[in-house]
Amino acid sequence: MTANEIRSKYIDFFRKRKHKEILPAPIVPPEDPTTLFTSSGMQQLVPFLKGEPHPMGKRLVDSQPCFRAEDIDEIGDNRHTTFFEMLGNWSLGDYFKIRQLKWFFEFLTDKDKGIGLQPDRLYVTVFSGDENHKVIKKNGEMPALGPDVESINIWRELLNFNPNIPVPDGEEGFDPKVKIYTYSAKENWWSRAGVPEDMPPGEIGGPDSEVFYDLGAELGIHEKSPFKNQPCHLNCDCGRFLEIGNSVFMQYEKQKGSYFKELPKKNVDFGGGLERIAAASQNKQDIFQTDLFTPVIKAIEQASDKKYEGKFKVSMRVIADHLRAATFMIAQGIEPSNKIQGYVVRRLLRRAAVKMHTLKGGLTPVPGFQGICYEVIRQYGGVYFEIAKAREVVGRVLVQEMDKFAKSLDRGLKVIEKQPPEKIDARFAFDLFQTYGFPFEITQELVALRGKTIEKAEFDRAFKKHQQLSRKASAGMFKGGLADQSEATIKLHTATHLIHQSLRKVLGSHVRQEGSNITAERLRFDFSHPKALTDAEIKKVENLINQKIKENLPVHKTIEDKDEALKSGALAFFKETYPDKVSVYTIGKNPKTNWFSKELCGGPHLKSTGEIGSIKITKQQSIGTGIRRIYAILDSRK
Ligand code: SER
């Protein structure tokens, strides 16, 4: 069955069981300042899992493109990627364990209604409990989080597993006759923050039950792997067992300390990786041989003149993954830059470029990137409509970024070639980062070609030292990029907040502050946006700012918990460098319920916007890929 057929079949299966299909969230969630990327289908549903009614009802289904940045360096085995599609179904306080497990099993194994996998290839895991955490029940009792006996019993029936054989601890090893295993919270508990002790108060989660597909003992996957000396089991890193679905019983909210409260309603949050389900259904040993990847791998083979085999496999998997991820991100408006998400896109593209170089075995820039990304667009254009529309943007961004990188790569490679081996160290890696924009990971891969290794910790030390030096250098500056604290400068500072929010309202929420500098004469504001603003857009931004000045909105200052402030929608410039308690400036009639702009900021600001008078945007320019700069002055004519 093709992956497209599996995706449709899954959605239809749940639609027939009264689920409404919801639209997937963009890969960079616009309304969620707490996370950089959409990394699971449930992310857009957090408020509804916590109890808010969902406008589409209590049963939902979708297919969600996801990105997990934390896996970027792990790609290369038979099943991991940063980018993947997650099939998801949810019960918001409706059905619970019995229906979920029964339906998913039916979808996996039924030849007509589902995809017809052989049940004897399937094994499952359930939560073994956690004595260190307690549940505060409505009746005042506080039992420990116990093992998931209910799921064990449901699986016994579905898998026809002898009730007299006990369910063992999964870590102890695998026995083909035993179908069900228990694991601790590390494997069988799900929350966005991980295990119970890592969850902050307010985070939701619960025990989960995973289904694994056995690729087969006969392939000798475990025996050929670096893990061959340890006993193989379902969660073994050797890759013999593919985890193809995770039913999370999302029923708890973390409290302070080691306590959980039951959510008002018990939910199901299911997620299954389409790539892996396709590998199981198409009888492939790795996801890169499914039809979701073969056209992309073929394009990589053509561009590099190498075959997907032997030692080339790992590089081709990385290139395929990174270019799929980058294509989706660029198509959804994230362009390469040196800040936050844009930096991730840049790293993905540069890493793919370096891998392409090493595959080709030469130092000439490798053509064919566009062809690979167009293949991704061709494949997904019919499923995710914004991808089909983005061909032109993706093509343009790739040319710009690759040209830029090819030049610095060639220069950097020459520098590496010339550097005496004894001088290839962390300091050298840092200089390459400063001068040529080589991310550390790339330098590491390049110097590895010369048989050298550089420790990340040493590079981090060099980086920290540099940061301290530049902090000292800028200590004379006022906070927030203000040159002085004159009346005109403060007026322009408050105007900067209005500009930031107005740009977001007019151009879209992809706009983020990339820098600012304010003197008594003018303000300068840098922000992410892929192209020049039209005259009409500039007028619109200017009018919106001046309207907010006319409304004479009060400016409120509050001290808030950083996470709370970000959650409430406050914008931040460098999120990671703020302390836990932050000062927040809110412009609007009511700082809680009716505001126009809200930012983490050290001030100083005016008392109300009317004091600004009027603003005029005087100039715009590009200062790098995807970054625009505008200048504005106080308009003295008004
Ligand atoms: N949230 C769970 C996961 O990401 C299931 O959807 O695995």
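Now for a look at the structure at hand. This structure is a prediction, so every number in the text was calculated from the model and none was measured.

This part covers the side chain of Glu210. Structurally, the position occupied by Glu210 is in strand 9 (residues 204–214). We note that Glu210 is buried and unpaired, the nearest opposite charge coming from Arg276 at a distance of 7.8 Å. Setting aside its immediate chain neighbours within four residues, Glu210 contacts Tyr123, Val124, Thr125, Glu187, Asn188, Asn235, Glu243, Gly245 and Asn246.

So, on to the site of the ligand. By nearness alone, every residue bordering the ligand is listed as Ser40, Met42, Arg68, Met86, Trp190, Asn246, Val248, Asp269, Phe270 and Gly271. A distance of 3.2 Å separates an oxygen atom of the ligand from a polar atom in the side chain of Arg68. Asp269 has a polar side-chain atom sitting 2.8 Å from a nitrogen atom of the ligand. Its free accessible area being 240 Å², the ligand has 95% of it covered by the protein chains. Elements that contribute at least two residues to the shell around the ligand include exactly strand 10 (241–254) and strand 11 (259–273). Classifying every residue of the shell around the ligand gives five nonpolar, three polar and two charged.

The next point concerns the packing of aromatic side chains. Taken as a whole, this structure holds 27 aromatic pairs when the rule is applied. Their ring planes at 45 degrees and their centres at 4.4 Å tell us that Phe104 and Phe270 sit as a pair that is tilted. In this pair, Phe104 is assigned in helix 3 (residues 97–109) and Phe270 in strand 11, connecting sequence segments 166 residues apart. Ring geometry for Tyr123 against Phe241: centres 6.1 Å apart, planes inclined by 80 degrees, an arrangement best described as edge-to-face. Placement of Tyr123 in strand 4 (residues 122–127) and of Phe241 in strand 10 is noted, with a sequence separation of 118 residues between them. The exposure class of Phe241 is buried, given its relative accessible area of 2%. Put simply, the rings of Tyr10, Phe13, Phe14, Tyr95, Trp103, Phe104, Phe107 and Phe270 pair up and form one aromatic cluster. The ring centre of Phe13 lies 3.7 Å from the NZ or CZ of Arg17, which sits over that ring. If you follow Lys179 out to its NZ or CZ, it ends over the ring of Tyr123, 4.2 Å from the centre.

Across the interface, helix 7 (residues 294–304) lies against helix 9 (residues 340–360) with an axial gap of 9 Å and an inter-helix angle of 55 degrees. The pairing of helix 7 with helix 9 is recorded here as oblique in orientation. For the pair helix 7 and helix 9, contact is made by Ile300, Ala303 and Ser304 and by Met356, Leu359 and Lys360, respectively. Tallied by class, residues from the contact of helix 7 with helix 9 come to four nonpolar, one polar and one charged.

Quick look at the sheet that holds strand 17 (residues 615–624) now. Strand order in the open sheet made by the four strands is 12-13-18-17, with antiparallel pairing throughout. Looking along the sheet, the strands with just one partner apiece sit at the ends: strand 12 (513–518) and strand 17. Across the sheet, the axes of successive neighbouring strands diverge by a mean angle of 20 degrees, strand direction being ignored. Of the strand pairs in this sheet, strand 12 and strand 13 (residues 523–528) are connected by five bridges, and their pairing is antiparallel.

Empty space within the second largest pocket amounts to approximately 490 Å³. Taken together, 32 residues make up the lining of the second largest pocket; nearest its centre are Val28, Ile334, Gln341, His510 and Arg512. Of all the secondary-structure elements, those providing two or more residues to the lining of the second largest pocket are helix 9, helix 16 (487–507) and strand 12. In terms of residue count, the dominant contributor to the lining of the second largest pocket is helix 9 (three residues). Grouping the amino acids of the lining of the second largest pocket by side-chain chemistry returns 14 nonpolar, 13 polar and five charged.

Calculation criteria
- Residues numbered from 1 in each chain as written.
- Predicted model: local features only at pLDDT ≥ 70, side-chain atom pairs only at ≥ 80, totals over all residues.
- Heavy atoms only, no water.
- Helix = DSSP H or I, 4+ residues; strand = E, 2+ residues; numbered from the N terminus.
- Buried < 20%, exposed > 50% of the residue type's maximum accessible area, 1.4 Å probe, protein only.
- Lys, Arg positive; Asp, Glu negative; His and termini not counted.
- Salt bridge = Lys/Arg side-chain N within 4 Å of Asp/Glu carboxyl O.
- Contact = heavy atoms within 4.5 Å.
- Near = heavy atom within 4 Å.
- Polar contact = N/O pair within 3.5 Å; in protein donor to acceptor, adjacent residues only side chain to side chain.
- Areas by Shrake-Rupley, 256 points an atom, 1.4 Å probe, with all protein chains shown as cover.
- Nonpolar A, V, L, I, M, F, W, Y, C, P; charged D, E, K, R; others polar.
- Phe/Tyr/Trp six-rings, centres within 6.5 Å; stacked < 30°, edge-to-face > 60°.
- Lys NZ or Arg CZ within 6 Å of the ring centre and 35° of its normal.
- Axes fitted to C-alpha atoms, helices over the stretch in contact; angles between N-to-C directions.
- Parallel < 35°, antiparallel > 145°, perpendicular 65-115°, else oblique.
- Pairing = 2+ DSSP bridges.
- 1 Å grid on protein atoms, 1.4 Å probe; cavity = no way out; pocket = protein on both sides within 12 Å on 5 of 7 lines; lining within 4 Å.
- Points joined across faces, edges and corners; volume = space filled by probe spheres on them.

This is a description of form; function is not addressed.
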